[in-house]
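Observations on chain architecture
Spelled out, the chains give:
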Amino acid sequence: MNKNETVERRYLPEISRKEIDELKNTVKVSSQKIIADNIERMKKADPHRPDAMKYFDDIANLFGRRQQEIQAEKEKGKKVIGYLCLFAPTELISAADAIPIRVNSGWYDTSKLGDRVVPVEVCPVIRSTIGAKMIELSPFLEQSDALISVLTCDGMTKLSEILSDQKTIWGMNVPRIKDSTQSLRFWSDEIRHMKTQIETFTGNKITRNSLKEAITVSHRATKVFRRLQELRKGNPVIMGRDAMLVNQAYTWDDKKRWTEKTEALCDELEKRVQQKDWVCNSDTPRVMLTGTPMFWPDSWKLPTLVEEGNPQGIIVADEQCSGERILSDPIGVDEWSMDDMLNAISERYLMASTCPCFTSKDGNEDRINWLLNKVKEWNVQGVIYYVIRGCMLYAMEYSRVKKALDKINVPVYYLDTEYTREDVGQLKTRVEAFMELLNARVDF
Amino acid sequence: MAGELIGSILSLIVLVGLGTAGVLTVLIWKKNRVARVTFLRFVIQAVGLAALFFLFSLEPSIPLLYVLITWFTVTLFLGRFFCGWICPFAFIMDIESLIRKTLKIRHRLLPDKLNIALHKGRYLILAVFLLLPLALWLLNPPPNTASAVMMAQLLAGPFRPYSIIIDPLIPFVVPWTGQLVLGSVNLSYPYIGNILTFVEATPGQIFAVVFVAVTLIGAFFVRRVWCRFCPAGASIAALNKFKAFKGVPLLYIEKDEEKCPKCGVCKRVCPVQVNDVYEQKGGKIGTSQCMLCARCVEMCPYEDTLKIKFGNKPVFKSRNWLESSIVNEERKIE
Ligand code: SF4
Ligand code: SF4
């Protein structure tokens, strides 16, 4: 249910249909090229890429198969509920027989359009999403009948307001201090409220069984997700970019099919482990990414530089809400009563999250512990702290992360960039210098 | 006669039950990582129940005092393990929880403050119970010396007053004459004996019935409600305060700070609402509120984050319970 066009727009400028169509076509064409190029490079990086990746290459085309599938479902009467942030309880959406889909934008070109609405100081993810809305570029954003927006950072908070010019928006208030009973109580009220809202909107009741089914689907996905991450612990059998694409595809793919395909991928990779068939030398520096989310396709800029650099690095883990945070925590249901399931969902989304929007009496210590644990378990040799200018929360937490990593003697590199392709050359130098450093440490 | 028959039927049931339970345990242990310990616990509780039945039916009977001493000695080493894994009264409560779970009825939580107040106040409750006989005696002095002597023996005899400490040991079906005989099966219920001893005939009976009803209904909605302030648990806890074990017994829960993202699962699943496992940053969990049932360890979704340790050896660790039982061999970098 798109809002009536005649509603007065508070933020978004009026653009003529003709301009919209023109811009949309240009950006779409260039985006399709970037997608194809990214995939081409991923194929080249690993000449003997797992067969199972074919499926993900296909689903990675944002203007392809998945868009048509969703369109077909919509025509059959299904609702699509988009979300802008991982805090949105997707199980509730699936349980109400609607399609959950993440709509954050990774298009660099649209961020310039967003500049017409908000100043350039604002986080590019936000600007780019606004731009995508202005020219109706994002298939998933256009297809969503409603959007769940969780007010995590300042950008997200205002983004939902801006998008409400054209979309039905449901805001969710996330408490900033997560480590307290009153926060949890508040949040689980929000979750319960969201449940009612989804039920009313879709006209489908969320029953105990449908919710249980949705949670089980998520459990299976988390299970195979963990299996994939487990495989990245040893000698590299999969390029980091491939794994990152798989993880991210979960946010727009059909959950069940994604699980099956990822299982097939893991089977294949496990065989390779047995045959000791590695994607690169075992002394390639093992890199972990953390910081601002990297959305497909344009933000593959940095991972590509890391894995195609000279010297080369391999990404073995990440701590990003566009990556491993999507699936790493299961919903710990104790008893399958409605009440306990909802409590478990509330806790899973609030307490297990390591988003930097939180603080507590120990600061955001959970994130530090998460990072330290990852670094140790995945034998990470260097961490790239990725920040796009305008992303305050991640930028501000850097010093603490650096101190913590210094203590265990793991180098961390602060890499700031923009939603632009212009700085690739300069980034390349910086990334390669860091890889040199890691290599020197490995040799030593 | 009937008693003997009941006895042999019971032992048959117990044997068959244990056999089935054994098979089921193996199956569940393999299949379901979030229920295996809970299930094992049920089996052990059932075995404990049977063992206690036969212990009580031994001829000549074992003085309760010996039971008490043995129990306390074991306690010194294992802490409240007894509460989590053996106590028959708790078994009844756990069965009720199981029924409630199957019916998909939600449980209620005690407010945290009340729970902690009960936890802290249980020594007081214990003291009141221990002194109750004395108080009753003073309030209602026996009419003549002969009955006074009888009363004194009854109340201050070799074990009576502190029998409340081990009363949860008394299972439902008892080999001796219980408070209620139904078709020559002797039924009993913890604390009923004490109530009937201390309170006069009719009010005593009413009080007893109310007590049974309240505890049964309470335990249906609130998991392990009695354990929050149980005098038996309190006495165990008091024992564990002995400095020899630095406040922490041999069997304990340990948490790995770095691996825990504070997801809160352990807090929600704990049947006695222990917050310490969640709140404590890491290391040994020292609270005597915990009865070592291991539910939190079983449910913690992050590998090796929570461990139950005996001495220095981990006996059970939290696992990635999404995995099946086929444990992947750990991969190393060559
Ligand atoms: S369940 Fe495990 S990971 Fe979660 S808070 Fe408790 S100890 Fe930490
Ligand atoms: S803290 Fe853990 S082991 Fe202790 S009683 Fe609670 S669930 Fe059981």
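Further up the page is the structure itself.
Residues numbered from 1 in each chain as written. Chains lettered and ligands numbered in written order. Predicted model: local features only at pLDDT ≥ 70, side-chain atom pairs only at ≥ 80, totals over all residues. Heavy atoms only, no water.

Moving on to the overall build of chain B. Broken down by element type, chain B carries 14 helices and six strands. Buried residues in chain B amount to 45% of all 334 residues. Of the contacts formed within chain B by residues at least 6 apart in sequence, a portion of 67% connects residues at least 24 apart. Approximately 16,900 Å² of chain B is accessible, and the part contributed by carbon and sulfur atoms is 73%. (Helix = DSSP H or I, 4+ residues; strand = E, 2+ residues; numbered from the N terminus. Buried < 20%, exposed > 50% of the residue type's maximum accessible area, 1.4 Å probe, protein only. Contact = heavy atoms within 4.5 Å. Areas by Shrake-Rupley, 256 points an atom, 1.4 Å probe, with all protein chains shown as cover.)

We now examine unusual backbone geometry. A cis amide bond links Trp296(A) with the next residue in sequence, Pro297(A), at an omega value of 0 degrees. Here Pro297(A) is to be found in the loop between strand E5 (286-291) and helix H13 (301-308). A cis amide bond links Asn310(A) with the next residue in sequence, Pro311(A), at an omega value of 0 degrees. Turning to its location among the elements, Pro311(A) is positioned in the loop between H13 and strand E6 (314-319). For Lys262(B), which is not a glycine, the phi torsion comes out positive at approximately 60 degrees. Among the structural elements, Lys262(B) can be located in the loop between strand E3 (251-255) and helix H12 (265-269). Overall, the relative accessible area of 13% leaves Lys262(B) in the buried class.

Turning next to the site of ligand 1. Around ligand 1, the surrounding shell consists of Cys260(B), Pro261(B), Lys262(B), Cys263(B), Gly264(B), Val265(B), Cys266(B), Tyr278(B), Cys300(B), Tyr302(B), Thr305(B) and Leu306(B). Considered class by class, the residues forming the shell around ligand 1 number nine nonpolar, two polar and one charged. (Near = heavy atom within 4 Å. Nonpolar A, V, L, I, M, F, W, Y, C, P; charged D, E, K, R; others polar.)

Turning next to the interface of chain A and chain B. On the side of chain B, 32 residues touch chain A, which itself brings 45 residues to the contact. Contact between chain A and chain B buries roughly 3,400 Å² in total, counting both sides, with carbon and sulfur atoms accounting for 47%. Its largest share of buried area at the contact with chain B, chain A owes to Arg226(A), Asp334(A) and Glu335(A), together 18% of the area lost on that side. Where chain A packs against chain B, one counts 10 salt bridges. Of the charged contacts in the structure, one is a salt bridge between Arg295(B) and Asp334(A), with a shortest N-O distance of 2.6 Å. Inspection of the region where chain A meets chain B yields 12 residue pairs in polar contact (both at pLDDT 80 or more). Where the side of chain A that touches chain B is concerned, the elements lending two or more residues are helix H10 (208-231), helix H14 (338-350) and helix H15 (365-377) of chain A. Split into classes, the residues belonging to the side of chain A that touches chain B amount to 12 nonpolar, 13 polar and 20 charged. (Buried area = accessible area lost by both parts, 1.4 Å probe. Salt bridge = Lys/Arg side-chain N within 4 Å of Asp/Glu carboxyl O. Polar contact = N/O pair within 3.5 Å; in protein donor to acceptor, adjacent residues only side chain to side chain.)

Residues and elements named next belong to chain B. Running from amino to carboxyl end, helix H2 (residues 36-56) crosses helix H5 (residues 88-102) at an angle of 140 degrees, the nearest separation of the two axes being 10 Å. In terms of their interaxial angle, H2 and H5 are classed as oblique. Like other packed secondary-structure pairs, H2 and H5 cross with a definite hand, here left-handed. Across the interface between the two elements, Arg 41, Phe 42, Gln 45, Ala 46, Leu 49 and Leu 52 of H2 pack against Pro 88, Ala 90, Phe 91, Asp 94, Ile 95 and Leu 98 of H5. The residue makeup of the contact of H2 with H5, split by class, is nine nonpolar, one polar and two charged. (Axes fitted to C-alpha atoms, helices over the stretch in contact; angles between N-to-C directions. Parallel < 35°, antiparallel > 145°, perpendicular 65-115°, else oblique. Left-handed = near helix turned anticlockwise from the far one by under 90°.)

Turning next to the sheet that holds strand E7 (residues 382-388) of chain A. Residues and elements named next belong to chain A. Reading across the sheet, the four strands line up as E6-E5-E7-E8 and stay open at both edges, with parallel pairing between neighbours. The sheet terminates laterally at E6 and strand E8 (412-417), the two strands that pair on one side only. Going across the sheet, the axis of each strand differs from the next one's by a mean of 25 degrees, ignoring polarity. The strands touched by H13 within the sheet are E5, E6, E7 and E8, with E6 carrying the most contacts at an inclination of about 145 degrees. (Pairing = 2+ DSSP bridges.)

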